[in-house]
Amino acid sequence: MSLTSPWRADFPGILALEAEGQTYLDSAATAQKPQTVLDALLGYLASGVANVHRAQHLPGERATRAFEATRSRAAQWLNAASSEEIIFTRGSTESLNLLAYGLEHLLQAGEQIVVSALEHHANLLPWQQLAKRRNLELVVLQLDHTGSIDLQQAARLIGPRTRLLAVSQLSNVLGRWQPLAELLALARAQGAFSVVDGAQGAVHGRHDLQALGCDFYVCSSHKLYGPDGVGLLYGRREALGKLQHWQFGGEMVLDADYQSARFRPAPLGFEAGTPAVSAVIALGAALDWLNGLDHTAVVHHEAALHAELLAGLQSRNGVRLLGEPQLALASFCVDGVHNADLAHLLSEQGIAVRAGHHCAMPLMKSLGLSGAIRVSLALYNDGEDLRRFFSALDNALELLQ
């Protein structure tokens, strides 16, 4: 395996882990950070911090300019029509909860919310609980043998009572792009809102949200090589205008007295309180760094790594892949071996992978599994990482099988 990553040296964390004898293969959970992100964090924190939007002094103006510059970069990254269509949250999970509460007033008893069988808990539980609160029907789209949403069944289930469709762009367990264009068209035909969980998908490729045509799209900074504690919520202007406010406090108020208040529209109306200023500014640095990459080279490198990963797993006796992964990751189980035991032996050899249900417990139950091992890749991984993984896997399986 001679695959090398020209971007590996940009990541001090990867180099530090390697020096400790650790091989990091858990980037679908959270990604390491390039030096430029660390520089942006320290640069802001060391040069005089200030709150944003509400101060007339120089530190406040400087922080606000940098903060809003990230909003503009995020809008460009996602090809939103305007930076005003980008709301900063604390992550994809908060974004999805914001939508579940913000849209609640538009849904009536007996109407339907449609999700898929592969959803992360973050894109299932907010809708499940909304369905309980409003006496709605939660409809679950099933998968085909590859791990893709079954479009024929979806066409039957998405109907006149469907008011909202919420689906993942790229499965965090099965590693497959989902057929968004077709699913979103089905939702539009019924006048339903559409929500796309892009937590995994945003990391791989550039996505034109105007062309995609969803109402809302969410992703997280920490998976996108940026700091944790920040999420991006995109909403079409018309769709954002229908959201009710859900958190209340400073910044989001236009006018208040003791008995009533008026609130700002999006985006500031949905950013109550002091935001994660330093992390938002550093996310801007991450987006700048991503914009500077040779996108074609990244795609080819990630595809070659993934092909090597799949070939190695498929060549080993007893290893069973979940679905037919297309990129970024692969989840697998081993006949007669508990995933936790295998993960423990891999960890003892310095291999960092994820084991368990991957925040998709209903999916695992539907597959008849208590959990699985997930190996996930990023652009900083290389062929040597995979060589060490497979060597450790063989050692572990020799003990367990």
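Residues numbered from 1 in each chain as written. Predicted model: local features only at pLDDT ≥ 70, side-chain atom pairs only at ≥ 80, totals over all residues. Heavy atoms only, no water.

Caption draft 1: Quick look at the nonpolar core. Of all hydrophobic cores here, the largest spans 71 residues; its most connected members are L165, Y217 and Y225. Element by element, the count of residues in this core is highest for helix α10 (residues 277-291), at eleven residues. Residue-level mapping places this core at the junction of two domains, with at least three residues from each of domain 1 (6-24 + 293-398) and domain 2 (36-289). In this structure, Y217 is in contact with L78, Q169, V196, G198, G201, A202, H207, L209, L212, L232, L233 and Y234, ignoring residues within four places of it in sequence. (Core = buried A, V, L, I, M, F, W, Y, C linked by side-chain atoms within 4.5 Å. Buried < 20%, exposed > 50% of the residue type's maximum accessible area, 1.4 Å probe, protein only. Helix = DSSP H or I, 4+ residues; strand = E, 2+ residues; numbered from the N terminus. Domains from an automatic or database assignment. Contact = heavy atoms within 4.5 Å.)

Caption draft 2: Representation of unusual backbone geometry. The omega torsion across A266 and P267 is 5 degrees, close enough to zero to call that bond cis. Looking at the element boundaries, P267 is found in the loop between β10 (261-263) and α10. A positive phi angle, close to 75 degrees, is found at H53, a residue other than glycine. Relative to the assigned elements, H53 resides in the loop between α2 (35-46) and α3 (58-78). With a relative accessible area of 27%, H53 lands in the partly exposed category. The backbone phi angle of H358 is positive, close to 55 degrees, even though this residue is not glycine.

Caption draft 3: Here's a closer look at the UniProt feature "domain: Aminotransferase class V" (unreviewed entry) in the protein. Cross-referencing UniProt, the feature "domain: Aminotransferase class V" (unreviewed entry) maps to residues 23-389 in the present numbering. A helix fraction of 37% and a strand fraction of 17% characterise residues 23-389, whose end C-alpha atoms lie 8 Å from each other. (UniProt positions renumbered as here; feature names shortened; annotations may be inferred.)

Caption draft 4: Broad picture of the sheet that holds strand β11 (residues 319-321). Spatial strand order, β11-β12-β15-β14: four strands in an open sheet with antiparallel pairing. Edge positions in the sheet fall to β11 and β14 (354-356), since each has one partner strand and no second. Pairwise comparison of adjacent strand axes, ignoring direction, gives a mean angle of 30 degrees for this sheet. The pairing of strand β12 (residues 329-334) with strand β15 (residues 372-376) spans four bridges and is classified as antiparallel. For S331, the partnering residue across the bridge sits in β15 and is R374. Contacts from helix α12 (residues 339-348) reach β12, β14 and β15, with the element oriented near 40 degrees to β15. (Pairing = 2+ DSSP bridges. Axes fitted to C-alpha atoms, helices over the stretch in contact; angles between N-to-C directions.)

Caption draft 5: Examining the pattern of salt bridges more closely. Taken as a whole and assessed by the stated rule, the structure comprises 20 salt bridges. Salt-bridge contacts for R374 lead to D26; the nearest nitrogen and oxygen are separated by 3.6 Å. Here the residue R374 occupies a position in strand β15, and D26 occupies one in the loop between β1 (23-24) and α2, the gap between them amounting to 348 residues. On the accessibility criterion, R374 (3% relative accessible area) is buried. Between E384 and R388 there is a salt bridge, and its shortest N-O distance comes to 3.5 Å. In this pair, E384 and R388 both sit in helix α14 (residues 383-400), four residues apart, roughly one turn of the helix. The class of R388 is partly exposed, set by a relative accessible area of 21%. (Salt bridge = Lys/Arg side-chain N within 4 Å of Asp/Glu carboxyl O.)

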